[in-house]
Structures are given as structure tokens and as C-alpha cells.
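Each chain, letter by letter, is given below.
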Amino acid sequence: MKDLLKKYCDILGPSGMEDSVREAIIEDIKSSGCEYETDFVGNLIVFKKGKKRRNKKVLFSAHMDEVGFMVKYIDEDGYARFDSVGGIDRRVVSGKRIRFCESGVNGVISSKAIHLQPMEERGKCPPISEMYIDIGASDRKTASEYIAVGDCAVFEPNYEEFGEGLIRSKALDDRFGCAALVKMINSDLEYDTYFAFNTCEEIGCDGAKEVSHRIQPDIVIALESTTAGDILGVPKSKCACAVGQGAVLSIMDRSTIYNKELLELAVTTANEKSIKWQYKNVVAGGNEAGAYQRGAKGAKVLAISAPTRYIHSASNVLAISDIEAVYSLAASLNERSFE
Amino acid sequence: MINLIKKYQSSFSVSGFEESLSSVIVSDLANKMDLVETDAMGNVIAFKKGKDSSKKLMIAAHMDEIGFIVTNIEENGMLRVAPIGGINPVASCYHEVKFKDGTTGILVVEDGTKLSEVSNTKLFVDVGCDTSAKAKRKVKIGDVCAVSPYFKKLSPKRYASKAFDDRICCAIAAFTAFNCKTPAYDTYFVFTVQEEVGCRGAKPSSFAVMPDYAIALDVTPAPACGNPNHLSVKLGGGAAIKIKDSSVICSPKMVERFTELAEANNIKYQYEVLLAGGTDTSAMQIAGAGSYAGCISLPTRYVHTPVETIDADDIKACAELLTAFVEQGM
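On to the overall build of chain B, then. When you go through chain B residue by residue, the secondary structure sums to nine helices and 17 strands. At 20 Å, chain B has a C-alpha radius of gyration in line with the 20 Å of a compact globule built from 330 residues. Judged by the C-alpha coordinates and their principal axes, chain B covers about 65 × 45 × 35 Å. Within chain B, the fraction of its 330 residues that count as buried is 59%. For chain B, long-range pairs separated by at least 24 residues make up 75% of all intrachain contacts whose partners lie at least 6 apart in sequence. In the structure as shown, chain B presents an accessible area of about 12,800 Å², 53% of it carried by carbon and sulfur atoms.

Quick look at helix α1 (residues 2–9) of chain A now. Residues and elements named next belong to chain A. Residues of α1 that are buried include every one of L4, L5, Y8 and C9, and no others. One side of α1 carries all its buried residues, which in axial view fall inside an arc of 120°. In this structure, the buried residues of α1 make contact with α2 (19–29), β11 (166–169), α4 (172–185) and α8 (320–333).

Once that is clear, we can look at the side chain of A:N316. All names here are of chain A. Relative to the helices and strands, N316 is located in strand β17 (residues 316–319). Given the relative accessible area of 2%, N316 is considered buried. At 3.5 Å, the side chain of N316 and the backbone nitrogen of A171 are in polar contact. At a separation of 3.2 Å, a polar atom in the side chain of N316 contacts the main-chain carbonyl oxygen of Y310.

All names here are of chain B. End to end, helix α9 (residues 312–328) covers 24 Å across 17 residues, agreeing with the expected 24 Å (1.5 Å per residue, within 8%). Of all the positions in α9, only D314, I315, A317, C318, A319, L321, L322, T323, A324, F325, V326 and E327 are classed as buried. The opening residue of α9, the one whose side-chain oxygen lies 2.8 Å from the backbone nitrogen of D313, is D311. Just past α9, the residue G329 takes up positive phi, approximately 60°.

Moving on, we come to unusual backbone geometry. A cis geometry characterises the amide bond from A:D173 onward to A:D174, with omega recorded as 15°. With respect to the secondary-structure elements, A:D174 resides in helix α4. Geometrically, the link from B:D165 to B:D166 is a cis peptide bond, its omega value of 10° lying close to zero. Mapped onto the fold, B:D166 is located in helix α5 (residues 164–179). Residues other than glycine seldom take positive phi values, yet A:A171 does so here, at roughly 65°.

The next subject is empty space enclosed by the protein. Residues and elements named next belong to chain B. Evaluation of the coordinates by the stated rule reveals four cavities of 30 Å³ or more. Estimates place the volume of the largest cavity at around 140 Å³. Looking at the largest cavity, it is lined by 16 residues, and the ones nearest its centre are E65, I66, V147, H304 and T305. When contributions to the lining of the largest cavity are tallied by element, the ones reaching two or more residues are β4 (67–73) and β9 (144–147). Residue composition of the lining of the largest cavity, by class: seven nonpolar, four polar and five charged.

Here we take up the interface of chain A and chain B. Each side of the interface is counted separately: chain A has 23 residues, and chain B has 26 residues. Counting the surface lost from both chain A and chain B, the interface buries some 1,900 Å², and carbon and sulfur atoms represent 66% of this. When the buried area of chain A at its contact with chain B is split by residue, A:I257, A:R294 and A:K297 rank highest and sum to 30% of it. Inspection of the chain A/chain B interface yields one salt bridge. One salt bridge in this structure joins B:E19 and A:K260, with 4.0 Å as the shortest N-O distance. One can count two residue pairs in polar contact (both at pLDDT 80 or more) joining chain A with chain B. Its residues assigned to classes, the side of chain A that touches chain B comprises eight nonpolar, nine polar and six charged.

In this section: the nonpolar core. With 68 residues, the main nonpolar core has A:I25, A:F197 and A:I304 as its most contacted residues. Ranked by residues supplied to this core, first place goes to α4(A) with nine residues. Formed by 56 residues, the second largest nonpolar core is a distinct cluster that contains B:A171, B:V219, B:M254 and B:F258.

Residues and elements named next belong to chain A. The sheet built from three strands is open, its strands ordered β10-β11-β17 with antiparallel pairing. The open sheet has two edge strands with one neighbour each: β10 (160–162) and β17. Mean inter-strand twist for the sheet, computed between neighbouring axes without regard to direction, equals 30°. Pairing analysis gives four bridges linking β11 to β17, with the strands arranged antiparallel. Residue pairing for β17: S169 is matched across the bridge by N316. Along the sheet, α4 contacts β11 and β17; its crossing angle with β17, the most-contacted strand, is approximately 35°. Contacts from α8 reach β10, β11 and β17 within the one sheet, and its direction differs from that of β17 by about 65°.

This next bit is on the side chain of A:N43. All names here are of chain A. Residue position: N43 is located in the loop between β1 (35–38) and β2 (44–48). A distance of 2.8 Å separates polar atoms of two side chains, one belonging to N43 and the other to D39. One polar contact links the side chain of N43 to the main-chain carbonyl oxygen of G207, over a distance of 3.0 Å. Discounting chain neighbours no more than four positions away, the residues touching N43 are E37, T38, F197, N198, T199, G207, E210 and V211.

This paragraph deals with the sheet that holds strand β12 (residues 193–198) of chain A. Hydrogen bonds along the backbone pair up the strands of a sheet, which may run parallel or antiparallel. Residues and elements named next belong to chain A. Strand order in the open sheet made by the eight strands is β1-β2-β12-β3-β13-β16-β14-β15, with mixed pairing throughout. Two strands in the sheet have a free side with no partner beyond their single neighbour: β1 and β15 (277–279). Here the average twist between neighbouring strands, direction ignored, is 25°. Pairing analysis gives five bridges linking strand β3 (residues 58–63) to β12, with the strands arranged parallel. The residue bridging S61 from the neighbouring strand is A196, located in β12. Running at roughly 140° to strand β13 (residues 219–227), α4 makes contact with β2, β3, β12, β13 and β16 (300–308) of the sheet. Contacts between helix α5 (residues 206–215) and the sheet are confined to β1, β2, β3 and β12, with β12 contributing the most and set at about 155° to the helix.

Residues and elements named next belong to chain A. Under the defined criterion, the tally for this structure stands at 36 salt bridges over all chains. Note that E37 and R214 form a salt bridge whose closest N and O atoms lie 3.9 Å from each other. With E37 in strand β1 and R214 in helix α5, this pair connects stretches of sequence that are 177 residues apart. Overall, the relative accessible area of 37% leaves E37 in the partly exposed class. Residue class for R214 comes out partly exposed when judged on its relative accessible area of 34%. Salt bridges sharing common partners tie together E37, E210 and R214.

The rules behind each value
Residues numbered from 1 in each chain as written. Chains lettered and ligands numbered in written order. Predicted model: local features only at pLDDT ≥ 70, side-chain atom pairs only at ≥ 80, totals over all residues. Heavy atoms only, no water. Helix = DSSP H or I, 4+ residues; strand = E, 2+ residues; numbered from the N terminus. Rg over C-alpha atoms; globule rule 2.2 N^0.38 Å. Buried < 20%, exposed > 50% of the residue type's maximum accessible area, 1.4 Å probe, protein only. Contact = heavy atoms within 4.5 Å. Areas by Shrake-Rupley, 256 points an atom, 1.4 Å probe, with all protein chains shown as cover. Arc of directions from axis to C-beta. Polar contact = N/O pair within 3.5 Å; in protein donor to acceptor, adjacent residues only side chain to side chain. Expected span 1.5 Å × (residues − 1). 1 Å grid on protein atoms, 1.4 Å probe; cavity = no way out; pocket = protein on both sides within 12 Å on 5 of 7 lines; lining within 4 Å. Points joined across faces, edges and corners; volume = space filled by probe spheres on them. Nonpolar A, V, L, I, M, F, W, Y, C, P; charged D, E, K, R; others polar. Buried area = accessible area lost by both parts, 1.4 Å probe. Salt bridge = Lys/Arg side-chain N within 4 Å of Asp/Glu carboxyl O. Core = buried A, V, L, I, M, F, W, Y, C linked by side-chain atoms within 4.5 Å. Pairing = 2+ DSSP bridges. Axes fitted to C-alpha atoms, helices over the stretch in contact; angles between N-to-C directions.

As C-alpha cells, this is what we get:
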């Protein structure tokens, strides 16, 4: 799975521009004997036959998009004013290396050197509206040969293993979920199963809304990254979940109260198969499960997440063992009939 | 009706965990309706065939109430909780709370918190255990609780209780379903889930029903002492015909029809313009190709506190107005 992870994480694919991610996934699944289609909004929907049929339509979901930046104005000096695509903390943006999807052009996000900061600016982070992208062009005319208003960039690819079994990279949220689903599709399945690789999760789960109406699943299991709070300054009662402690099961977040039967089934399955798991112990964040739960006639939903530090920054940190746990739990759950 | 209200009011039904109440409602409806179904989210959809099957009427009352979810069990045996729905922390603290399995605790505030600083992050539940090991025998992470049932008659017509929002309207809907004559249209009485966390249950159930006409039943705040938002609804002033809340502008045709029916049948009514707060009305109005949607509101004092207060005359008026629409249609 690590090969897949590195490959997917290094692709440039902010919300609305997931084409390269989708093409890579299609390349990896097309010989698995599955059926697949790309819908109007770019979601990749996959159906894989298993040994048996079940009465319930079961769908596993992950999103292809990552957070990024969009150019909204190029000024006379050749600097590109931009806005964020998806929820990015402006404090993690300043000074970062970025790459444009359309042209492959590299850039740097501005960060005023401390030498130039008057006392009152020191230690403060300017709003994104005061930052700009520098692509090394001398004026607007030169810059416009490489980038245009509306072009999108993401953090520069930087996948790397480090520490004790950890990975640091941009876009682990949610390319790890894509990798896990691809691995499932490429294995022999017990039951017929749907898989969705969705677009535009980071800007409001737009892709999932479309899939929900098109497939109308009965049961949806979303594979996601969730905020790990095992970092300095967060009390244990508010840490949400911890890296290395296994697959995360959410009970409630800002968008969803999860289905209790599915949650119990997940806990039982994890315990039976000795898969390490943990609860998410704060009510925060949200994911595509909410869109599925309330889309069309509604569905029973579950989220299996990988605890991720520094989510939505240039360096998400995830443990390989947690990714394995999420995959094992998802694959084991898919051996159930859900009757 | 009052027995129905008492029965529904005493069932456990925090948002997302409505099974106890929904099973009571399903068993009440089972033999009296043409079809009763429960969907993936837990919405109960009860169908009654009407005279004119070319039109569909959907009636929605929500089964869930606000509550708390356990997020962490601390070393000292105290439970950290997060709110489910629009909790008023000042109104909820220092009350008994009950979990689904009957475990009771008290909702308290961190020591040394000034009244003005009481907030949801400072609340915790004391279940009388000194260590996390003991507490974990009673409660686990993810368990939910609500203020314990409480039902008080204040005067011959006034009652105070927790969770009148919206059990009382579940009772009005069920009562109407049992007692109405053949409905004008094919009618779906829907008991929705998860209204308090953003009208979530009404979305898929409206999609499934795809109504032509829709009526939500919910409570609306009736001022008691002081009226900072200058609301006009009065407790005892009759059924409140909703014109607007923050989620919906009711279809004028429905407002007009409710008014006509109230006038013709001598039902006491008043109009309601609510500044903050949403209802299932909007989900029904914009489902599929859209519907004519309105809402009959029950005036209620102290909404989202353990002592929500209502007037029996208003319940009667709401039930009569609903029955009139169900039987006579547009």
C-alpha cells in the first residue's frame, strides 16, 4: 500500500481539479474486473462483484481532492493574489513552497522577513488577503505567460517516511483513503460492493451529494483523515484521537450522529480481528458521511478514520500502522452481510 | 391526549438515539394506519390513504430532544460531555440527567465558574464515582443523556415539562392520525429524527415522500417576563400559524388556508414570525420539485429548558387546525 500512498499523495489535485488523481486510480483498478464510471462532477464510481450479493447496497467512500490555493489577481509586479480552496489555517501557509496544477510552475507563498517587520507586526500572521504567491516573474506580463486568474496550486509534493513508522506529506487527507479503497477493489470480495472516489469534499462534500443521489446506497462507510490531538498543549480530554492508536471510530461530529448498529458492528469486528481502534473523543470536524446520511432517501453511515496530525497543512503526519488498521477494519466489515 | 403526551414525554429520545420513542410510536400506529415504515435514519413514516390519491400531504413532528454526549471519562470519575443540539447551559446545569439504560447523574459546572462564565465546555456529569474505572462500569464514551423526565401541572390548563419540544407535537400528530376522518389526500404522518441538530431527518424523509403539501408541527417561543425580541405569540393565544422562521418563509397559500379553516371552525389562532430557530418545514418545502409548506406552532414558554410550559387550550387548537386541514385539504 505504501507505493500507492506515495504515488497518490504526490499528485496535484485540489477541489475541482481531481482529474490526475482519478486517472491514476483508474489505471490501478482497471484490470481488477470492476465496472467504473466518471459522473458529471468528476466522481469515480466503481462497482465490484463479489462472490455473493447482499440485500443492502453497501458503498465505501473516500475523497480525491486536497486543500489548495486559487489565483484571483495578478498584480503589476507579477505577484499572484490568491484565496484558499478548502479550510486552511493561514498560519501554516506563509513561506510554503507550492506548485500549480495547470502548468506545473513552482512558487512560494510570501512571508515578510522578520527584518522588514515593524514591531507591531512581529509574531502576528497576516490574513490570506495580504499574502501573495511569488512565481519568480518580474512583472504581470511575464507572470501571465505561466499562470492565469483561476489557476490552482497545492503544497509542493513532499511525501516521505520518517520517525517510527510515520509518514509526512501533503494530501494524506484523503489520498490514504483512496489507496485503501484501491487495495480493496484489487482484492477478492465476499459481496458485491460500490466504491466512490469523490470530488470537492474540502469545499462542502459536493461530490458525495451527487453520488448519494445516483447510487442511493443503504449503507455508507467513509474512509477519512481526522484530527489527531496528541500534540503539545492539548489536554487529554480534548485530544480527539492519537497517532499510532489505531483506526478511529467517530460517534458524533459536527455533521453527523453516526449509526449505532454500524458503530457496534465495527467495534465487534475490530475486537474479533484484533484490529487496533479508538474512539474520537471530541465532537469536531465533519466528513462525507453527513452528505450520504441525508442525501436522497438517506443511508446508515459510519466513518473509519486515520488519526492525522497537522491536517490541512503541508505536512500531514500519519502512522502506517493506523492506515493498515483502517484498511483491515474496512475490509473485514465488507465481509459482513449487514442483515 | 394528555396520556399520549405523558407517555411520549417519558421515553428516551436524544437526537440520533430515538429508538425507544420511535418503537413506542410505531406500536401505537401499527394497526391504525395503512402502512408504517422506519427508514435508514430512523424516521417513522406512517401512511393513511386519502380520498384524492393524486396529491400527497406530509405532516412532520420531530421525536428528538436536545441532550449531551459523553466525550471523555476523566481520572476522577467525572464525565466530560458535549452538547447535542441547542443547549442552554445555564438552564441545564444542576439538574438530574438520565442515560438510556436508566443510569442517572447530575449535570454540574466546573468549580469556581461565575454565572456569566457558564458555558458548555465547563459542564460535566457526576455519576457518583470517584475513579474512571468505576465510572466506566456505568457509562462509556459516546453514551448520551438528557435531563430526567419531569411533568408538572401548574394550574388546570398549564403544564411544565422538559422536551415538550417536540413530543407534544408527536402526540398531536398521532392523535390526529388516530381520530381524523378519511384524509382529503394521501397523508404521511412522519415522526422525524435529528431535528435539533439541523433538521437532518426531515431531508431524506421528504425526499422519500415528495409531498405536494407539507405541514410541520413544532413549538414556538412564547415570551413570559420581558420580551427582548418583541415576539407577538402568546401562551394561551391559540394555534400559532407560522409565517416565517430563520429556515423558511411559509407558503402564503398554506397560511391563508390555515386562517380560513380556523375562522370557519372557530379555532383560536394567532400568527407567528420567529426571528431565530428553524423547523422541519424548510426541508419539506424544498424537497424534490418543492411543496406548499406551512407550520402549526404550539406556543411554549422557556423552550430548551427543563421547564418548557404550555397551555392545554393551545394543544386543542393545534390539533383541531391540523385535523381540519387533513380532512378538508386545500
